[in-house]
Amino acid sequence: MRQFFILLFISVFSLQTLANTVSGHNGAVASRSEIASQVGVDIMQRGGNAIDAAVAVGFALAVTYPSAGNIGGGSFFVIHTADGEAITLDAREKAPLSAHEDMFLDEQGNLDRRLSMASLLASGVPGTVAGLLEALDRHGTMTRAEVIAPAIRLAREGFALNEDLAGQFAGVLRSMQAYPASMAVFTNDGDPYQAGDVWAQPALADTLERISEQGRDGFYRGHTADLLVAEMERNGGMISHRDLQEYDVQWRQPIKGSYRDYTIWSMPPSSSGGILLVQMLNMLEPFHVGAMGPGSAPTVHLMVEAQRRAYADRARHLGDTDYYPVPMEQLISKDYARTRFDSFDSDAATPSETIAPGSWPGESTQTTHYSVMDGSGNAVSVTTTLNSGYGNKIVVPGAGFLLNNEMDDFSAKPNVPNSYGLIGGEANKVEPGKRMLSSMTPTIVTRNETPILVTGSPGGSTIINTVFQVVVNVIDHQMSLADAVASPRFHHQWQPDAVRFEEGAFAPGVKERLEAMGHSQLRESGFGMGDANSIYFDGETITATSDPRNAGGAAAY
C-alpha cells in the first residue's frame, strides 16, 4: 500500500503538477486536488473512459478535498459523449419530506440564519452518491469496485496533508467544536493537523466500501443510512429513512445555446447557471467583444450590464422545474435577449433599481468543479458541493462524512437575501421533496459537434459569471486556456448594485471611466473569484489547467 502512494506521488510530480497546466493526447483531468486529478488519469490509463474517470475523481475528492468534495452533498453533471449525445444529470440535494416554507423563521417571522446554515435542519437529502453511481451505470465501462478503490485506499491509508488543507482544517475547527465526530476527523487527537501529517479517515473508508459493495443501498439504506438518520433524530434534523430511500436523480435535457460559431451545453434547473450563461452570451453576441479588448471599459460595461439583467431574471423566474413552471425557452431565446437589452446605454450604467425581472405574455463559495476529457471524445463537466465550506460542519458519527447546509439555497423568506446575497421568491420557496436553486454551471462548449472546452467553477453567486468570462476569454479574446482561466474577473448580480472585481481585472484608467459612466460601487475583492478547473481541446492536444487562484492540480497523458 505504501508503494502505491509513493508511485502515485512520483507520477503526479512527473506530470508537472507544480505547474497548473498540462497537456496530453489521451486524456486529462483538472480539479482542486492534484491527487484526485491523477486518480482520474490513472483510471483512463487502465482503459476507462472520461465518465469512469469522473466518477473516480468524484469519490476521491470526497477524501482529498473535504470542504467541497463530498458524498453528503449534491452534484451536477454535463456529459458529451463520443457519439455526439449531450445530456445532464441532476443530483442536487432535495428538501426532506417534512420540510415546510416557514422552517427557518423565528417567532417574529424573521429569518434565523443559524438554522439555515449551521444546524441539521440545514441539510438537504444528499444526491452525490446516487449521481455518481447513475453516471457510471449509464455511461461508464468499469465496475463500482474499480472506480471507488482509489478513494477507499486514500481514506484507509491516508495521504500527506499539504499546507492548503492543513490551513483549512485549522481555520474551521472553531466551528466544529460542538461536534465530537467532526473534531475526531479533523484534528490529530485534539491538536491541529500540520502540513506533512498523514491524514487517514477509517470511518469514511468503511462507508465507501459499503457503497462499493452494495451500490446505492450502501448509502441510502442499511448501516450508513441508519447512522445518518440516528444523527438527525438525536439533534433535531429532518432527514428520514424514507427521504433517503426515495431520493432520485434526474436526467435532463441540457440548456443549449449558440454563441458565434460555437454551441454551449450547460446545466438546466434546478441550476440557474445554464440559463443565465446562455442569456448573457445572447446579449453579447451583437457586439464585437474581441475588438473591444479584455479589461477595457466598453467590455466590462457591456458584460456588467448583461450580468445585471440576467441576475434580475434569476430572482423571479428560476427554481425547480418539477415544482415551478420556469420559462426556459423564453429566457434563452435570442429575441428575448435583444428585448432585455433594449435599455442598454453604451455610455451609462443602468441602475439596478430600474431593472425589474423580465416578463413576456402569458451557491458558497466553497463548491468545487472538475473537468474530464478522454482521447475518444467523451467530455464530462462536474460541479459538486456541500454549499458552505465543510457544509454545516457536522460529520455523521461512525460514517465519517460531512453533511451539507444546502437548504439555505432556498428562498427561506421572499425577497430576503440568502448567504450569498441572492434574492428569490415563489419559484424557489421551501417545499417538501423540492430541489433548491443552484448557481452551479458545469459547461461544455462544442464546435462542429466536437467538445473543445470543458469548464465550470465554485463561487456561490459568482459561479455563473466566472464561467461566462472563461467562455468569452476563449472565444472572443482568443486566449490560451491558461490565460483564460487566470485572467482577473469581475462580478455583478443585480442586487446589491455593485461591481466586485479582482486586482488587475481592469486596464489602467478603466475604473475611473466606469465610475464616470455611473458604476458608482466598484469594490475590489479581497479573495479570488472562482476556481475554474478547465480543459481545452484544439483538435490534437488536450490541455488541462487548474485555476492558479487555488492549490489544485491538473493531470494528463
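This structure is a prediction, so every number in the text was calculated from the model and none was measured.

## Quick look at the overall build of the protein chain
Helix and strand counts for the protein chain come out as 20 helices and 19 strands. For 557 residues, the compact-globule estimate of 2.2 N^0.38 gives 24 Å, and the C-alpha radius of gyration of the protein chain, at 22 Å, lies within 12% of that figure. With the C-alpha coordinates aligned to their principal axes, the bounding extent of the protein chain is approximately 60 × 60 × 45 Å. Every one of the 557 residues in the protein chain was classed for burial, and the buried ones make up 62%. Summed over its atoms, the accessible surface of the protein chain is roughly 19,700 Å², and 48% of this surface lies on carbon and sulfur atoms.

## Observations regarding the packing of aromatic side chains
Aromatic rings considered in pairs are described by the distance between their centres and by the relative angle of their planes. Inspection of the entire model under this criterion finds 15 aromatic pairs. When the ring of Phe 159 is compared with that of Trp 199, the centres are 5.9 Å apart and the planes differ by 75°; the resulting orientation is edge-to-face. Remark: Trp 199 occurs in strand S6 (residues 198-199) and Phe 159 occurs in strand S5 (residues 159-160); sequence separation between them is 40 residues. By relative accessible area, which is 7% here, Phe 159 ends up buried. Site record: aromatic cluster; members linked through ring pairs are Phe 159, Phe 169, Phe 186, Tyr 193, Trp 199 and Tyr 390. A cation sits over an aromatic face here: Arg 216 above Tyr 220, 4.6 Å from the ring centre.

## Some words on the nonpolar core
Judged by nonpolar contacts, the single largest core of 83 residues is most densely connected at Phe 59, Ile 71, Phe 186, Leu 208, Val 372 and Phe 401. The greatest single-element share of this core, amounting to 12 residues, is contributed by helix H3 (residues 50-64). Apart from residues lying up to four places away in sequence, Val 372 is in contact with Ala 28, Val 29, Met 44, Ala 50, Ala 53, Ala 54, Asn 378, Ala 379, Val 380, Val 454 and Ile 535. Counting 59 residues, the second-largest nonpolar core is a separate cluster that includes Leu 284, Leu 437, Leu 453 and Val 471.

## Remarks on helix H5 (residues 128-139)
End to end, H5 covers 16 Å across 12 residues, agreeing with the expected 16 Å (1.5 Å per residue, within 8%). Of all the 12 residues making up H5, nine are buried; the element is thus mostly covered by neighbouring parts of the structure. Of the residues making up H5, those classed as buried are Thr 128, Val 129, Ala 130, Gly 131, Leu 132, Leu 133, Ala 135, Leu 136 and His 139.

## Observations regarding the environment of Val 63
With respect to the helices, strands and loops of the structure, Val 63 is situated in helix H3. With 226 residues separating them along the chain, Val 63 and Val 289 place their C-alpha atoms 42 Å apart. In contact with Val 63, not counting residues within four places along its chain, are Ala 151, Leu 154, Ala 155, Phe 159, Trp 199, Gln 201, Leu 204 and Leu 208.

## Some words on the pairing of strand S12 (residues 443-447)
Counting buried residues in S12 gives four out of five residues, a clear majority hidden from the surface. Judged from the four bridges that link them, strand S9 (residues 262-266) and S12 form a sheet pairing that is antiparallel. Of the residues in S12, the one forming a bridge with Thr 263 is Thr 446. The hairpin formed by S12 and strand S13 (residues 450-455) contains two residues between the paired strands, and Asn 448 there has a positive phi angle of roughly 55°.

## A look at unusual backbone geometry
Both trends apply: most residues other than glycine have a negative phi, and most peptide bonds are in trans. Cis rather than trans, the peptide bond between Gln 495 and Pro 496 has omega equal to 0°. Its location among the elements puts Pro 496 in the loop between strand S14 (490-491) and strand S15 (499-501). Positive phi outside glycine occurs at Lys 393, with the angle close to 75°. The residue Lys 393 is located in the loop between strand S11 (379-385) and S12 in this model. By relative accessible area, which is 15% here, Lys 393 ends up buried. Its identity as a non-glycine residue notwithstanding, Asn 448 has a phi of 55°, on the positive side. Since its relative accessible area comes to 70%, Asn 448 is described here as exposed.

## Quick notes on the sheet that holds strand S1 (residues 21-24)
Spatially, seven strands are ordered S1-S18-S17-S13-S12-S9-S8 in an open sheet, and the strand pairing comes out antiparallel. Single-partner strands in this sheet number two, and they are S1 and strand S8 (255-259). Across the sheet, the axes of successive neighbouring strands diverge by a mean angle of 20°, strand direction being ignored. Taken together, the five bridges between S12 and S13 define a ladder with antiparallel strand orientation. Among the inter-strand pairings, Thr 446 is bridged to a residue of S13, identified as Pro 451. Each of S8, S9 and S12 is contacted by helix H13 (residues 273-284), which is oriented at about 20° to S8, the strand it contacts most. Here helix H18 (residues 463-475) sits on the sheet in contact with S8, S9, S12, S13 and strand S17 (534-537), set at roughly 135° to S13.

Parameters at a glance
- Residues numbered from 1 in each chain as written.
- Predicted model: local features only at pLDDT ≥ 70, side-chain atom pairs only at ≥ 80, totals over all residues.
- Heavy atoms only, no water.
- Helix = DSSP H or I, 4+ residues; strand = E, 2+ residues; numbered from the N terminus.
- Rg over C-alpha atoms; globule rule 2.2 N^0.38 Å.
- Buried < 20%, exposed > 50% of the residue type's maximum accessible area, 1.4 Å probe, protein only.
- Areas by Shrake-Rupley, 256 points an atom, 1.4 Å probe, with all protein chains shown as cover.
- Phe/Tyr/Trp six-rings, centres within 6.5 Å; stacked < 30°, edge-to-face > 60°.
- Lys NZ or Arg CZ within 6 Å of the ring centre and 35° of its normal.
- Core = buried A, V, L, I, M, F, W, Y, C linked by side-chain atoms within 4.5 Å.
- Contact = heavy atoms within 4.5 Å.
- Expected span 1.5 Å × (residues − 1).
- Pairing = 2+ DSSP bridges.
- Axes fitted to C-alpha atoms, helices over the stretch in contact; angles between N-to-C directions.

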